[in-house]
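Here are the chains, one letter per residue:
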Amino acid sequence: MIPELGHFLLIIAAMTALLAPAVVFYGIRRGDDFYAGFSRPASLLTALMLTLSTAALVWAFLTDDFSVAYVANHSNTKLAPAYKAAALWGSHEGSMLLWIWLMAVGTAGAGFVRCADRLFTARLQGLMLAVLAGFCAFLLFTSNPFLRNLPMVPPDGRDLNPILQDIGMILHPPVLFMGYAGLALMFAAMCALLLSGRWSKTAIDFTTRLSIVTWGFLTAGNMLGSWWAYNELGWGGWWFWDPVENASFIPWLTTTALMHALIQTRRRGQLRRLTVFLTLVGFALCLLGTFLVRSGAMQSVHAFATDPGRGIALQVLAIVLLVPAAFLYCARIEPVCRTEEAPMNGSDALMTGAVFLLVAAPLPGALRHALSAWIRGLRGPHADGRRAVLQQLLRADDSHRHGARGRRPARPQESGPLGRLRSGLRRRRRSRRAPHRPALARHDGLCGHGRRLARRHGRLALPAFPGPPHEPCRAARARGHRRFHRGCGRRRAVRERGARAHGTRSRQARRRRGLRLYGDALRQQPLLLRTAGRDRGAQA
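Residue indices begin from 1 for each chain and proceed along its sequence in written order. Local features are withheld for residues below a pLDDT of 70 in this predicted model, meaning they are given only at 70 or higher, and side-chain atom pairs are given and counted only at 80 or more; totals for whole chains, interfaces and linings count all residues. Hydrogen atoms and water are omitted, and side-chain values are computed over all heavy atoms in the structure.

J.: Where do I start with the overall build of the protein in this structure?
T.: Only DSSP runs of H or I covering at least 4 residues are called helices, and only runs of E covering at least 2 are called strands; the numbering of each starts at the N terminus. Tallying secondary structure elements over the protein gives 21 helices and zero strands in all. Throughout, a contact is declared for two residues whenever any of their heavy atoms are within 4.5 Å. The long-range share in the protein, meaning contacts at least 24 apart out of those at least 6 apart in sequence, stands at 77%. Surface exposure of the protein reaches about 29,900 Å², of which carbon and sulfur atoms provide 62%. Each accessible area is a Shrake-Rupley result for a 1.4 Å probe, and residues are judged covered by the shown protein chains and nothing else.

Structure, rendered in structure tokens:
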């Protein structure tokens, strides 16, 4: 009965958040304080309903109500009570409910902040209620945490993931979602400023205080997440290369840039457009991270869900929230920021450029996996399979060709950025020490290819040759070897004294000429094989 009650309270919260903004903005447009003041009781009612709904789901975890599918999938009778309560945000559905509840509490708390401009508070709460309505609709239609297992109720749950049974699980997600809720509130504050059509010191003061609190929660959340990742998953790599980790790190960078811009805006009246822009972009990056983590666009140990349907719903939600904000920014930013701004000095410009570089640096790494997954989807479902088969065949052919020579096995691939750097430097030194090895490998491959063609088409028999199968090209190969090693073995002093003064080519030119002659010999090899075969056949 309690899960049904929690589901019903979630529906009431969604309906309140959907209808209240229309009443609030109607009152603001008409200048009616009664309807405009409806934002405060509506925010309180929404926060109360979501609080009771979240408490109902926590109660289902604590009482081991395995008739709820979410509880049965992420809890167990032997699980500690602290981890049972923390299992609320152990997966996609519960973590979204936690985020929505924190945003609702923040919206209700904004009504108790002392503010000289009551219309700004009404606009802020009305916009946040609209955001909550979108998130509640997403939760109810695609990720309902109160779905039942009836009539097949399992006797025990599947237990929480062992990796999640850590103190980091109890601390990291709530702290990080508090920061995300602060980003949503700042987004609504800047949209309320744009809707007013004039610059408001009240909005800037509110956003400045909120940005400090939000930055603190995001910093603590990222630190706890990093410590948790290294504690559980080890030091096999730098976990901030993981795109899901970047999904929480990039909003932190944006919030850091926003704090610097707000300082300049409050003290000198500078960077007003940048302040509004960074606030909107911070929430947009938060939604981007939510999409990457919960849509299945990329695979990671930190990902929540892999359902493409939820990814499409998140895309629709992001479009509904961000596209009107973008149009509002383009239409109202000039009237809002038309007052005279103080000129920017060199240090301010340097600081702004450095912050932009910090914010833009992790974006390619975060989007690379999503774009590669999208490209693989365009190529077809069997592209990876075809590539794997081709690589296996090439590897088998290479081992068959070089196995009799006692070739040294390759070094194991090192993980991490430092390991990859060491491997690259080792390959570079090896190529400088013996630059003729790739050419020899290509020559052996061409010889083997010619022998396979001869066996396949039957135009010439291997015993008909007066020597080894590659005898026609041996002279050309030896000639290329002599010129190549002659170019490599010249004294360095000839180059230092000046090759032009002695009328000779430089060392690099001799080496290039030797390689070019060697390549010409390799390209002529199939023709020599075919000619020798025809001549031998004519003699026979």
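J.: Can you help me understand helix H7 (residues 118–142) in this one?
T.: Since the α-helix advances by 3.6 residues per turn, residues separated by three or four positions end up pointing in the same direction. Any helix carries an expected span of 1.5 Å times its number of residues minus one. Taking 1.5 Å of rise per residue, the 25 residues of H7 would be expected to cover 36 Å, and the 36 Å separating its terminal C-alpha atoms lies within 8% of that figure. Whether a residue is buried, partly exposed or exposed follows from its accessible area with a 1.4 Å probe, protein chains only, as a fraction of its type maximum: under 20%, in between, or over 50%, in that order. The buried fraction of H7 is high, at 18 of 25 residues. Its side-chain oxygen placed 3.2 Å from the backbone nitrogen of Leu 119, Asp 117 serves as the N-cap of H7. By the criterion applied in these results, polar contacts are pairs of N or O atoms within 3.5 Å in which, for protein atoms, one can donate a hydrogen and the other can accept it, and in which residues neighboring in sequence qualify only through two side-chain atoms.

J.: Which parts of the structure should I look at to understand the packing of aromatic side chains?
T.: Pairs of aromatic rings are described using the distance from one ring centre to the other and the angle between the two planes. Centre distance within 6.5 Å is the pairing criterion for rings of Phe, Tyr and Trp, where only the six-membered ring of Trp is used; planes under 30 degrees apart are then read as stacked, over 60 as edge-to-face, and the remainder as tilted. Enumeration over the complete set of coordinates arrives at twelve aromatic pairs. Considering the side-chain rings of Phe 249 and Trp 252, the 5.6 Å spacing of their centres and the 15° angle between planes classify their relative orientation as stacked. With a gap of three residues between them, Phe 249 and Trp 252 both fall in helix H10 (residues 243–268), about one helical turn apart. The exposure class assigned to Phe 249 is partly exposed, which follows from its relative accessible area of 23%. Linked through ring pairs, Trp 99, Phe 135, Phe 177 and Tyr 180 together constitute an aromatic cluster. We call a charge positioned over a ring when the NZ of a Lys or the CZ of an Arg lies within 6 Å of the ring centre and within 35 degrees of the ring normal. Above the plane of the ring of Phe 112 lies Arg 40, whose end atom (NZ or CZ) is 4.4 Å from the centre. Note that Arg 272 overlies the ring of Trp 199, its terminal NZ or CZ placed 4.6 Å from the centroid.

J.: What is the right way to read the packing of helix H1 (residues 2–30) against H7 from this model?
T.: A packed helix pair is summarised by two numbers, namely the angle formed by the two axes and the spacing between the axes. Their axes nearest at 8 Å, the elements H1 and H7 cross at an angle of 145°. Every pair of crossing elements has a handedness; the one defined by H1 and H7 is left-handed. Side by side, H1 and H7 meet where His 7, Leu 10, Ile 11, Ala 14, Ala 17, Leu 18, Ala 20, Pro 21, Val 24, Phe 25 and Ile 28 of the first sit next to Leu 119, Ala 122, Arg 123, Gly 126, Leu 127, Leu 129, Ala 130, Leu 132, Ala 133, Cys 136, Leu 139 and Leu 140 of the second. The residue inventory of the contact of H1 with H7, partitioned by class, reads 20 nonpolar, two polar and one charged. Where helices are involved, their axes are fitted lines through C-alpha atoms of the stretch in contact, as for all axes, and angles between N-to-C directions lie from 0 to 180°. Crossings are assigned a handedness: left-handed for a near helix turned anticlockwise from the far helix by less than a right angle, right-handed for a clockwise turn. We call Asp, Glu, Lys and Arg charged. Ala, Val, Leu, Ile, Met, Phe, Trp, Tyr, Cys and Pro are nonpolar, and the rest, Gly among them, are polar.

J.: Honestly, unusual backbone geometry in this entry has me stumped. Any pointers?
T.: Most peptide bonds are trans, and most residues other than glycine sit at a negative phi. For the peptide bond that leads from Leu 150 to Pro 151, omega is 0°, which places it in the cis range. The topology assignment puts Pro 151 in the loop between H7 and helix H8 (167–196).

J.: Is there a simple way to think about the nonpolar core in this case?
T.: The tendency in soluble globular proteins is for nonpolar side chains to be buried as a group. Note on terminology: a nonpolar core comprises buried Ala, Val, Leu, Ile, Met, Phe, Trp, Tyr and Cys residues joined through side-chain atoms within 4.5 Å. The biggest cluster of nonpolar side chains holds 101 residues, and the ones touching the most others in it are Leu 10, Trp 99, Ile 100, Met 103, Phe 135, Tyr 180 and Phe 283. A total of 17 residues in this core trace back to one element, the largest contributor, which is H8. Aside from chain neighbours lying at most four places away, what touches Met 103 is Met 128, Leu 132, Phe 135, Ala 181 and Ala 184.

J.: Is there a simple way to think about the environment of Ser 226 in this case?
T.: If you trace the backbone, Ser 226 turns up in helix H9 (residues 201–233). Of the polar contacts made by the side chain of Ser 226, one reaches the backbone oxygen of Asn 222; its length is 2.8 Å.

J.: So what exactly am I meant to see when it comes to the pattern of salt bridges here?
T.: Side chains bearing opposite charge may pair, as long as their charged atoms lie close to each other. The salt bridge definition used is simple: a Lys or Arg side-chain nitrogen within 4 Å of an Asp or Glu carboxyl oxygen. Evaluated as defined, the whole model comprises eight salt bridges. Measuring nitrogen to oxygen at the nearest pair gives 2.6 Å for the salt bridge that ties Arg 148 to Glu 4. With Arg 148 in the loop between H7 and H8 and Glu 4 in helix H1, this pair connects stretches of sequence that are 144 residues apart. On the basis of relative accessibility, which here comes to 38%, the residue Glu 4 falls in the partly exposed class. Of the charged contacts in the structure, one is a salt bridge between Arg 273 and Glu 334, with a shortest N-O distance of 3.2 Å. Placement of Arg 273 in helix H11 (residues 272–294) and of Glu 334 in helix H12 (residues 308–336) is noted, with a sequence separation of 61 residues between them. The network of salt bridges with shared partners includes Glu 4, Asp 65 and Arg 148.

J.: Would you explain the side chain of Ser 200 in this entry?
T.: Turning to its location among the elements, Ser 200 is positioned in the loop between H8 and H9. Residue class for Ser 200 comes out buried when judged on its relative accessible area of 7%. What Ser 200 contacts, discounting residues up to four positions off in sequence, is Asp 117 and Leu 193.

J.: Teacher, can you tell me more about the side chain of Thr 54 here?
T.: Positionally, Thr 54 belongs in helix H3 (residues 39–62). Taking the relative accessible area as the measure of exposure, Thr 54 reaches 7% and is therefore buried. Excluding anything up to four places from it in sequence, Thr 54 contacts Leu 88, Leu 97 and Trp 101.

J.: Help me out: how do you make sense of the confidence of the model for the protein in this one?
T.: Close inspection of predicted coordinates is inappropriate in any region flagged by low pLDDT. The pLDDT value tells you how sure the predictor is about a given residue, anywhere from 0 up to 100. Averaged over every residue, the pLDDT of the protein is 75; the share at 70 or more is 59%. Mean pLDDT values over the elements of the protein span from 47, in helix H17 (residues 437–457), up to 95, in H3. With pLDDT under 50 throughout, residues 400–410 is counted as low confidence; its partners more than four residues away or in other chains account for six contacts. Note that residues 448–473 has pLDDT below 50 and, in this model, 23 contacts with residues that lie over four places away or in other chains.

J.: Explanation requested: the environment of His 7 in the structure shown.
T.: Take His 7: it is sitting in helix H1. Sequence spacing of His 7 and Leu 147 is 140 residues, and the spatial spacing of their C-alpha atoms is 8.8 Å. Excluding its chain neighbours within four sequence positions, the residues that come into contact with His 7 are Leu 140, Asn 144 and Phe 146. Among the polar contacts listed, one links the side chain of His 7 to the side chain of Asn 144, at a separation of 3.2 Å.

J.: Teacher, can you tell me more about the environment of Val 105 here?
T.: Its place among the elements puts Val 105 in helix H6 (residues 92–110). By relative accessible area, Val 105 is classed as partly exposed at 37%. Measuring from C-alpha to C-alpha, the distance between Val 105 and Leu 50 comes to 8.8 Å, with 55 residues separating the pair along the chain.

J.: Just to check I follow, could you spell out a nonpolar patch on the surface for this structure?
T.: Patches in this entry comprise residues that are over 30% relatively accessible and not in a salt bridge; like charges within 9 Å are linked, as are nonpolar side chains (Val, Leu, Ile, Met, Phe, Trp, Tyr) within 5 Å. A cluster of nonpolar side chains, namely Ile 11, Met 15, Leu 18 and Leu 19, defines an oily patch on the protein surface of about 370 Å² accessible area. Topologically, Met 15 is positioned in helix H1.

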